[in-house]
Amino acid sequence: MADPGTPQPARSSSSMSMQSDLGKGHSKSKHISSTPVPSDVTLEVPEVAVEKEKPVSEVDVSAEEVDSYTKRLVIHSYMLNYQPLEESERALDKFISDSSVRLLIVYHDPFTGLRVDYAIPAQVVEHMSYFIRAEDSIITEETFRSSVQFGSVRGGAIEGLLRLMNGVHTPQVTLSTAWPETAKNNYSVELHRFLSKLTDSRFKLLGSTVLYVPLEALQHRPEEAVTNKSLVQRLEMVMIHWTRQIKAVLSTQPVSDIGDTSGLLEEISFWKSRCADLDSISKQLQKPGVCHIQAILQLYASTYIPPFCKLAKQIQESTLQAQSNVSFLSLLKEPCEELAQLKPCEIAPKLTHILNLIRVIWVNSSYYNTRDRITALLCKISNEIIRLCCREISLDRIFQGYVISSKKILNDCIQCCLSWKELYLHTSQLHHKYSSQGWSLDQITIFALVDSFVRRCKDLIEVCECQQQFSRWEEGERVPLPCFAGRQGSEVTQRLLYIEATFDNSLQVLRSVKDILDVRNPSWHEDYSRFRGKVKDLEVMMQNLITSTFETVNCVEEGVQLLDVFQHLSGREAIKRTIDRKTVDVYALLSSELSEVNLVMCRLSSLTAAQMPRHAGQGHWTRALRSRIERPMEVLWRAHFLPHVSSGEEVRVNYAKLCQTLDEKVRRIFTDWSQSLNRECLSSLNQPLMIRCKGKTGPLDINFNKNLLKMFNEIHYWDRLLFEIPHYVTEVYQRREELHNLRENVLLVVRDYNRIIKALNEDELCLFSERIRFLDRKIQPGLSKLHWSTKGTSSVFINDCRVHANKVQLMVDEYKAANLAASKLCEQISELLLVHVDGKMVYGDLDFQEDQQSHQHSQLLRLQNAHQDIVKIMARVYGTFHLDGPEVQQHWVSYMEKMDRMVEEAFRLNIKRSLQEL
């Protein structure tokens, strides 16, 4: 029997009877489940299973009720509130009827409910009932009890076995008088050895130490027991086991001495558990069972008593030490529990208070004030910080591409660790300053894991950066692949995709590494070194890709665009150097452009576009040179992502100097032009609107000052350059629209007049002299009286001139049309042949003559009609000049003679062609 002070499982009377019956009447093995039994479940065997007063033959159970009896037995042996299902009933029926099924197990599955199986369940269950059939036995009303072994198992396996041994087996062996003395002694030795170890193992699971007290030691008084040498030897064996148990407890080191990754709460829990265990042992040593065995062995003068008594005294001292440590370490419980709920970014402010409490323990504790223990306690803070950081870090999110949030968390963890070290150093300085006891702790040991964890976090940050650089991951999504222009665009894209695929394969290999956040994991360094080696190969590939892509760059804009595309790769040092070199090349392109612009400005200082005025044209050309370098420089200014290179500052200085030179040149050109302007430019408007080109009868020309036109053009283009117009030309320039409109209208008059003059030859001018003189009288004010400065009357003059010019133009056009019609009629006369000969026809003597006479008659009619038409045209034209003076009439006569000659020449040509035809 176990010691009365040892906790024993409760047992009902029916359960005790059932287990006793199993112990006596059956030798079958029993399965003990390892799952503990709930304390609120009480299992009882039905009354029919424990009626030992009646023999089996007297039990009133008919053959028809065997099945019902077994089912009720199963239900009551398991749990009264569970009802069997139809499937379970079928399983019970098969067990009763099929002799090959020897085992029936009934248990409750948390997912499927009540289960009836023919094998031990694979999972752990809380409560299990078993029925074991004897080999080749048939279950009937007479053979049920003899052929079926049944029972229930609850609680853990060791717990159930200990309960069975203490409650059933040990009392029967100890109290039995039927065994031979030698056999009983030999068996008792092994029984006590087994129960000692079983009791120790069972209560070690609960974190406590229980001393096994054999039942037979309590059956004898010390004076009687010392006479039984075999009993004394067995009790010495038990005391030896007690001694080993107590030594094991005393030698148990706190978690802080083991060097694992536990935290402060685990340290507190250890000392509380140790204090409770030592207190329990102290109480057990004072219990009657232990004292009784100790009294027997002292009376026997056993050699095992002094060591045991010494250990008992050490237990008392260790209990005091544990109680002291618990009282001091309890100060850390509340702040450590608060610390366990924080995120890495919130940890640092709480550490100061914890460090101060550790200083209190260090100064005031009688047992926990050693250098090693305080060092170990600070190590536990490091362990706790690492644990909290690891709790926040999600490796799945890191390898799934959530690089931005993951980098933030990793940086928070690094900052938390660095803050812990800073607070430690600050606290140590305060301790040195205000405490008589120096701060002589092993800082390397305290922060060894922290430093390793910081390096691990930096490695993971590098993994995140590599995902950004080589795989375009941002926050769980890939950034769209940039579009590369040009003939090499598709090739560059394919090479980028190949680099991404290679990196993804290497990343998956690194992801398969186990315990990445475990700083004690040695395999991480090798796996990460291999990963970095592959990343370096990808760096070389990326450098070659960047170099080949920049071979086609011809301008700054293209270079900046490519630098923007590859900028996300600049986190890697090797690639950063390549991008820096390409940035220098881009600045070199701009530097070359600056040199070329400077050279062009020096060589072609007077270059002006043909459509531009002289001075403003030079200003615009100079400003165009400035715009030529402004655009690439603006692109570089906006490219905030470009790395800083030394050549960039030099290029910016040269750009500023060249821009200043160009601006000064434009200002100098404007100054020279403004100084060359006529300050009395309004006086140039005091001149007639028009002027004769050749004498008094020549064509007209506009009489506008060309310098004003040049000035207006200059001012227009200088105004586009945002220069201020000189005040002394402002008034004239403000009238530019008015003068422009007037000039265009005057040009219309000039064109109308000149078109008439140019359309007539010398004879025709004499013929139209009366009309032209009339038109000259209308135009004369524009040649003498009306000036460009005149306002109001110019429009009336221009309209009147154009009306009369149009009338004269109509006369001229009618005259020209008449001449053209007469010319065509004369041409027609010359082509009307008087002879018609058909070369395919053979004429007779009179046929030819008749045919010719008929043809001549028709032709003569046509000639007469043509002549009459010419006469009518001349008569109509004469209607224009019939009222003119003698001079015009004389010219008309000459004109008519000319027309007569033209008609005669047409007839003469007709006769000539007719004779040629004949």
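The shown structure was predicted, so the numbers you read here are calculated from the model rather than taken from an experiment.

Criteria and thresholds
- Residues numbered from 1 in each chain as written.
- Predicted model: local features only at pLDDT ≥ 70, side-chain atom pairs only at ≥ 80, totals over all residues.
- Heavy atoms only, no water.
- Helix = DSSP H or I, 4+ residues; strand = E, 2+ residues; numbered from the N terminus.
- Buried < 20%, exposed > 50% of the residue type's maximum accessible area, 1.4 Å probe, protein only.
- Areas by Shrake-Rupley, 256 points an atom, 1.4 Å probe, with all protein chains shown as cover.
- Core = buried A, V, L, I, M, F, W, Y, C linked by side-chain atoms within 4.5 Å.
- Contact = heavy atoms within 4.5 Å.
- Axes fitted to C-alpha atoms, helices over the stretch in contact; angles between N-to-C directions.
- Parallel < 35°, antiparallel > 145°, perpendicular 65-115°, else oblique.
- Nonpolar A, V, L, I, M, F, W, Y, C, P; charged D, E, K, R; others polar.
- Pairing = 2+ DSSP bridges.
- Salt bridge = Lys/Arg side-chain N within 4 Å of Asp/Glu carboxyl O.
- Phe/Tyr/Trp six-rings, centres within 6.5 Å; stacked < 30°, edge-to-face > 60°.
- Lys NZ or Arg CZ within 6 Å of the ring centre and 35° of its normal.
- Polar contact = N/O pair within 3.5 Å; in protein donor to acceptor, adjacent residues only side chain to side chain.

Visitor: I would appreciate a short explanation of the overall build of the chain in the present structure.
Guide: Tallying secondary structure elements over the chain gives 32 helices and six strands in all. Every one of the 918 residues in the chain was classed for burial, and the buried ones make up 46%. Looking at the chain as shown, the accessible area adds up to about 48,800 Å², and 52% of this sits on carbon and sulfur atoms.

Visitor: Help me understand the environment of Asn598, please; the structure alone is not making it clear to me.
Guide: The topology assignment puts Asn598 in helix α22 (residues 573–603). The class for Asn598 is partly exposed, based on a relative accessible area of 33%. When the C-alpha atoms of Asn598 and Cys659 are compared, they prove to be 10.0 Å apart, with 61 residues separating the residues in sequence.

Visitor: How should I be thinking about the nonpolar core in this particular structure?
Guide: One broad trend across soluble globular proteins is that nonpolar side chains are buried collectively. Counting residues in hydrophobic clusters, the biggest one holds 134 residues, and the most contacted among them are Leu332, Leu378, Ile381, Trp420, Met542 and Phe566. In contact with Leu332, not counting residues within four places along its chain, are Ile268, Ile354, Leu357, Ile358, Ile361 and Leu377. Judged by nonpolar contacts, the second largest core, of 70 residues, contains Ala616, Met711, Val749 and Leu783.

Visitor: How do you make sense of the packing of α22 against helix α23 (residues 614–638) when you look at a structure like this?
Guide: The angle between the axes and the distance between the axes are what describe a pair of packed helices. Running from amino to carboxyl end, α22 crosses α23 at an angle of 175°, the nearest separation of the two axes being 11 Å. Overall, the two elements α22 and α23 adopt an arrangement that is roughly antiparallel. Along its contact with α22, which presents Val586, Tyr587, Leu590, Glu593, Leu594, Glu596, Val597, Val600 and Met601, the element α23 presents Trp621, Leu625, Arg628, Ile629, Pro632, Met633 and Leu636. In terms of residue class, the contact of α22 with α23 is made up of 13 nonpolar, no polar and three charged.

Visitor: In this structure, what is going on with the pairing of strand β1 (residues 103–109)? I would like to understand it.
Guide: Sheet faces and side chains relate simply in a regular strand, where the side chains alternate between the two faces. The element β1 is extensively covered by neighbouring structure, given that five of its seven residues are classed as buried. Where β1 meets strand β3 (residues 127–133), five bridges bridge the pair, whose relative direction is antiparallel. By the bridge assignment, Leu103 is partnered in β3 with Ile132. Here β1 hands over to strand β2 (residues 113–117) after three residues, the two strands then running antiparallel side by side.

Visitor: Please explain the pattern of salt bridges as it appears in this structure.
Guide: A side chain of one charge can pair with a side chain of the opposite charge if their charged atoms are brought near each other. This structure, assessed with the given rule, holds 36 salt bridges. One salt bridge in this structure joins Lys408 and Asp412, with 3.3 Å as the shortest N-O distance. In this pair, Lys408 and Asp412 both sit in helix α17 (residues 403–434), four residues apart, roughly one turn of the helix. Of the residues examined, Lys408 reaches a relative accessible area of 54% and is grouped as exposed. Residue Asp412 is classed as partly exposed on the basis of its relative accessible area of 23%. Because the salt bridges share partners, they merge into one network encompassing Arg472, Arg478, Glu500 and Asp504.

Visitor: Explain the packing of aromatic side chains to me, please; I cannot follow it from the model alone.
Guide: Here the distance between the centres and the angle between the planes together describe a pair of aromatic rings. Applying the stated criterion across every chain yields a total of 26 aromatic pairs. Measuring from centroid to centroid gives 5.2 Å for Trp179 and Tyr187, while their planes differ by 50°, and the two rings are tilted. For Trp179, a relative accessible area of 36% puts it in the partly exposed group. Taken together through their ring pairs, the aromatic side chains of Phe768, Tyr815, Tyr878, Phe881, Trp892 and Tyr895 make up a single cluster. It is Arg202 that lies over the ring of Phe203; its NZ or CZ is 4.8 Å from the centre.

Visitor: Would you mind going over the environment of Arg751 with me for this structure?
Guide: You can see Arg751 is positioned in helix α27 (residues 736–759). Take Arg751: its relative accessible area is 43%, and that puts it in the partly exposed class. Taking the C-alpha atoms as reference points, Arg751 and Ile702, 49 residues apart in sequence, are found 9.7 Å from one another.

Visitor: Would you mind going over the side chain of Ser365 with me for this structure?
Guide: Mapped onto the fold, Ser365 is located in the loop between α14 (344–364) and α15 (371–392). Residue Ser365 is classed as buried on the basis of its relative accessible area of 3%. Of the polar contacts made by the side chain of Ser365, one reaches the backbone nitrogen of Tyr367; its length is 3.4 Å. Once residues within four sequence positions are removed from consideration, Ser365 is found in contact with Ser324, Asn325, Phe328 and Val360.

Visitor: Would you mind showing me how to read the sheet that holds β1 here?
Guide: The strands making up a sheet associate through hydrogen bonds between their backbones, and the pairing can be parallel or antiparallel. Strand order in this open sheet of four strands is β2-β1-β3-β4, and the pairing throughout is antiparallel. What marks the edges here is a single partner per strand, and that holds for β2 and β4 (148–154). With direction set aside, neighbouring strand axes in the sheet form an average angle of 15°. The pairing of β3 with β4 spans seven bridges and is antiparallel. Paired with Ile132 across the strands is Gln149, a residue of β4. Along the sheet, helix α3 (residues 86–97) makes contact with β1, β2 and β3, crossing β2 at roughly 20°.

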